[in-house]
Amino acid sequence: MRVTGDHLVTVGLLAQLALVAAGLAAAALPASGRRLLAAAAGVGVGVAGVVTGAAAWGGAAGAVSVRTALPGVVLTYAPDRLGGAFAVLTGTVTVAAALWSAGSDGPDRARTAAAALPVFALGLLAVTEAADVVALLAAWEVMAVASTALVLTDHARRGAVVGAGVWYAAMTQMSFVLVLGGCGVLAGAAGGIRFADLARLDPHRGVVALGVVLLVLGFATKAGAVPLHVWLPRAHPEAPSHASALFSAAMVKAGVYGVLLVVVRLYPGGPQWWGLLLLGLGAASAVFGILQASVAADLKRLLAYSTTENVGLILCAVGAAQVTAARGEPATAKVLLVAAMLLTFAHAAAKSALFLAAGTVLHGAGTADLDRLGGLARRMPATCAVFGVAALGAAGLPPAAGFVAEWTLLQALVLGGRPS
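Reading the values: rules and limits
The residue numbering used here restarts from 1 in each chain and proceeds along that chain's sequence as written. The predicted origin of the model limits local features to residues at a pLDDT of at least 70 and limits the giving and counting of side-chain atom pairs to 80 or more, whereas totals for whole chains, interfaces and linings rest on all residues. Hydrogens and water molecules were not included; the side-chain quantities draw on all heavy atoms of the structure. Secondary structure follows DSSP: runs of H or I at least 4 residues long count as helices, runs of E at least 2 residues long count as strands, and numbering of each begins at the N terminus. With a 1.4 Å probe rolled over the protein chains alone, any residue whose accessible area is under 20% of its type maximum counts as buried; one over 50% counts as exposed, and the rest are partly exposed. Here, two residues are considered to be in contact whenever any of their heavy atoms come within 4.5 Å of each other. Computed by Shrake-Rupley with a 1.4 Å probe, the accessible areas treat only the displayed protein chains as cover when residues are assessed. Lys and Arg are tallied as positive, Asp and Glu as negative. Neither His nor the chain termini are counted. Lysine's charge is taken at NZ, arginine's at CZ, aspartate's at CG and glutamate's at CD. By definition here, a helix of n residues has an expected span of 1.5 Å times n minus one. Any pair of N or O atoms that falls within 3.5 Å is considered a polar contact. Within protein, one atom must be able to donate a hydrogen and the other to accept it, and sequence-neighbouring residues count only if both atoms are side-chain atoms. Pairing between two strands requires that DSSP report at least two bridges joining them. Each salt bridge in this description consists of a side-chain nitrogen of Lys or Arg and a carboxyl oxygen of Asp or Glu lying within 4 Å of one another. To pair, rings of Phe, Tyr and Trp, with the six-membered ring standing in for Trp, must have centres within 6.5 Å; the planes then decide the type, stacked if under 30 degrees apart, edge-to-face if over 60, and tilted in the middle. Placement of a charge over a ring requires the Lys NZ or Arg CZ to be within 6 Å of the ring centre, with the centre-to-atom vector within 35 degrees of the ring normal. pLDDT measures the predictor's confidence residue by residue and takes values from 0 up to 100. In this text, buried Ala, Val, Leu, Ile, Met, Phe, Trp, Tyr and Cys residues form a nonpolar core when linked through side-chain atoms within 4.5 Å. Helix axes use the C-alpha atoms of the stretch in contact, all axes being lines fitted to C-alpha atoms, and the angles between their N-to-C directions lie in the range 0 to 180 degrees. Crossing handedness: left-handed means the near helix sits turned counterclockwise from the far one by under a right angle, and right-handed means the same turn made clockwise. Under this grouping Gly is polar, as are all residues other than the nonpolar Ala, Val, Leu, Ile, Met, Phe, Trp, Tyr, Cys and Pro and the charged Asp, Glu, Lys and Arg. The labels follow the angle: roughly parallel below 35 degrees, roughly antiparallel above 145, roughly perpendicular from 65 to 115, and oblique for the rest.

Participant: I'm lost on the overall build of the chain in this one. Help?
Facilitator: The secondary structure content of the chain amounts to 16 helices and three strands. Overall, the C-alpha framework of the chain stretches about 60 × 50 × 35 Å when taken along its three principal axes. For the chain, the residues scored as buried account for 56% of the 420 residues in total. Pairs at least 24 apart in sequence give 77% of the contacts found in the chain among residues at least 6 apart. As displayed, the chain offers around 15800 Å² of accessible surface, 69% of which is attributable to carbon and sulfur atoms. Where the 25 positive side-chain charges of the chain centre and where its 17 negative ones centre are 2 Å apart.

Here is the structure:
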């Protein structure tokens with residue numbers, strides 16, 4: 001292992017690894033101690049991610065390189081400003097989810113679930129911190145395996161969990177295969193595995209187009225975009241609520257980060273049709289997601305479809321930015337990218353609160369069936385208040401951050417980024 005660069009960034013990266021090791025030790029403890037140590041490790045990993053991300057977002061540079069058994073292959077994790085922003089988001093959601101899990105008394109106290117939580121958090125953060133395609137793929141697979149274990153937490157008691165886990169495992173591995181194919185195509189054309197090597201390719205070459213399409217489809221699968229969303233409404237109702245919060249608020253953002261990595265960081269001068277592809281995926285996701293959410297009878301399934309709708313809006317913003325940039329309107333493109341980031345952070349805040357509140361409702365009422373959840377405001381006033389405020393944000397209503405984000409998107413689309 002080799003450590004270089006800014007002290008704060010490198011210490012944060014190393015702390016994430018050390019805290020995950022502590023989390024894995026939780027599997028050997030009795031149930032109560034296991035739950036608390038896993039939650040503490042999750043909080044620690046999240047805090048380390050926030051510190052690392054904030055430093056990188058502010059412009060600090062640092063790297064941790066890990067040698068592998070493959071000759072000449074070194075995994076390098078060195079977050080830039082974009083990755084730092086997403087690491088802050090992921091770390092914050094991880095802290096909230098881990099704190100909630102500390103008070104849980106459900107099946108998520110199992111050994112595998114306890115160990116999987118900090119590992120999953122590490123995988124999420126490592127995706128945003130990777131500096132080469134091998135490091136990205138390694139982090140992506142860690143994230144995929146740990147999240148599958150979390151989906152399957154309650155498989156021994158409920159048969160539906162197994163079916164949801166199979167669907168999720170299949171879709172998450174399809175995402176990995178697509179990302180692997182895209183990375184392989186681009187790395188082969190570039191003659192190197194570093195993102196800096198890939199960025200030197202001409203985005204108008206056919207081989208780059210193939211790699212970008214594979215990557216966008218792989219990242220869109222993880223983001224829950226239509227028609228690759230099928231894991232979302234199946235996995236969310238069956239996963240523990242703190243895992244659902246991480247899935248919706250942080251993991252789907254790993255897919256959004258991947259899309260931004262390709263079209264903003266690596267190939268900002270890409271052709272217009274890339275943006276049209278993203279616009280198509282985004283528009284279909286937004287319309288389908290809100291229609292399905294409006295008729296869902298299960299609270300967590302409703303929130304899952306709402307995530308598809310919110311991701312659709314984010315992809316629309318990124319796609320529109322790509323189109324306007326290709327048409328020679330950089331100012332409008334920048335406003336649209338700001339809207340995409342605002343939507344991303346607003347959705348993460350709203351959905352983490354909504355899923356954790358839904359988990360509290362599920363534990364208190366014993367059901368997530370909306371037809372049987374009347375009168376909760378009297379029994380659970382604090383939970384209902386949190387849910388109501390978060391729902392305002394998810395719906396994009398004032399004065400929540402979701403309204404600011406969606407208004408920025410609308411203004412950019414209608415007014416071309418000019419102030420109203």
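Participant: Whenever I open this one, helix α12 (residues 299-326) confuses me. Can you help?
Facilitator: Spacing of three or four residues puts side chains on the same side of an α-helix, whose turn is 3.6 residues. Compared with the 40 Å implied by 1.5 Å per residue over 28 residues, the 41 Å span of α12 between its first and last C-alpha is a close match. By the criterion of burial, α12 is predominantly enclosed, with 24 of the 28 residues buried. You can read the cap of α12 off the contacts: a side-chain oxygen lies 3.0 Å from the backbone nitrogen of K300, and it is on D298. Positioned one or two residues after α12, G328 has a phi angle of 80°, which is positive.

Participant: When you look at the pairing of strand β3 (residues 74-77) in this model, what are you seeing that I'm missing?
Facilitator: Within a regular beta strand, the side chains point alternately toward one face of the sheet and then the other, so they alternate between its two faces. By the bridge criterion, four bridges tie strand β2 (residues 62-67) to β3 in an arrangement that is antiparallel. If you follow R67 over to β3, its bridge partner there is V74. Here β2 folds back onto β3 in antiparallel fashion, the turn holding six residues, of which G72 has a positive phi close to 75°.

Participant: Would you mind showing me how to read the pattern of salt bridges here?
Facilitator: Where charged atoms from two side chains of opposite charge approach closely, those side chains can pair. Under the counting rule described, the total for this entry stands at three salt bridges. For D80, the salt bridge identified is with R265, shortest N-O distance 3.0 Å. With D80 in the loop between β3 and α3 (81-102) and R265 in helix α10 (residues 241-266), this residue pair connects regions lying 185 residues apart in the sequence. Residue R265 is classed as partly exposed on the basis of its relative accessible area, which comes to 28%. Note that D197 and R200 form a salt bridge whose closest N and O atoms lie 2.6 Å from each other. On the basis of relative accessibility, which here comes to 61%, the residue R200 falls in the exposed class. A single salt-bridge network, built from bridges that share partners, covers R194, D197 and R200.

Participant: It is not clear to me how the packing of aromatic side chains should be interpreted in this structure. Could you clarify?
Facilitator: Aromatic rings in a pair are described by how distant their centres are and how their planes are angled relative to each other. Counting across every chain of the model gives ten aromatic pairs. With centroids separated by 5.9 Å and ring planes inclined at 25°, the aromatic side chains of W57 and F345 adopt a geometry described as stacked. Here the residue W57 occupies a position in helix α2 (residues 31-57), and F345 occupies one in helix α13 (residues 330-365), the gap between them amounting to 288 residues. Overall, the relative accessible area of 40% leaves W57 in the partly exposed class. Classification of F345 as partly exposed rests on a relative accessible area of 26%. Grouping aromatic residues by their ring pairs yields a cluster made of F120, Y168, W231 and F247. One residue, K222, lies across the ring of W231, its end atom 6.0 Å from the ring centre. The aromatic ring of W167 is capped on one face by R234, whose charged end is 4.1 Å from the ring centroid.

Participant: When you look at the confidence of the model for the chain in this model, what are you seeing that I'm missing?
Facilitator: Any segment with low pLDDT has predicted coordinates that should not be analysed in fine detail. Mean pLDDT over the chain stands at 86; residues scoring 70 or higher make up 92%. Element-level mean pLDDT values for the chain span from 65 in strand β1 (residues 2-5) up to 94 in helix α8 (residues 206-223).

Participant: Teacher, can you tell me more about the nonpolar core here?
Facilitator: The biggest cluster of nonpolar side chains holds 97 residues, and the ones touching the most others in it are F120 and Y267. No other element matches the 16 residues that α10 contributes to this core. Counting twelve residues, the second-largest nonpolar core is a separate cluster that includes W100, A245, A368 and A390.

Participant: Even after reading the chapter, I still don't get the packing of helix α9 (residues 231-238) against α12, so can you show me in this structure?
Facilitator: When two helices pack together, their arrangement is captured by the angle between the axes and the distance separating the axes. For the pair α9 and α12, interaxial distance at closest approach is 8 Å and the crossing angle is 140°. The two elements α9 and α12 meet at a crossing, and its hand is right-handed. Taking contact as the criterion, the partners of L232, P233, H236 and P237 in α9 are, on α12, K300, R301, A304, Y305, T307 and T308. Looking at the contact of α9 with α12, its residues break down into five nonpolar, three polar and two charged.

Participant: How do you make sense of the packing of α10 against α13 when you look at a structure like this?
Facilitator: Contact pair α10 / α13: the axes reach a minimum separation of 7 Å and the direction vectors enclose 165°. The pairing of α10 with α13 is recorded here as roughly antiparallel in orientation. The way α10 lies across α13 gives a crossing that is right-handed. Residues S241, H242, S244, A245, S248, A249, K253, V256, L260 and V264 of α10 form the contact with α13, whose own contacting residues are L337, M341, T344, H347, A348, K351, S352, F355, L356, A358 and G359.

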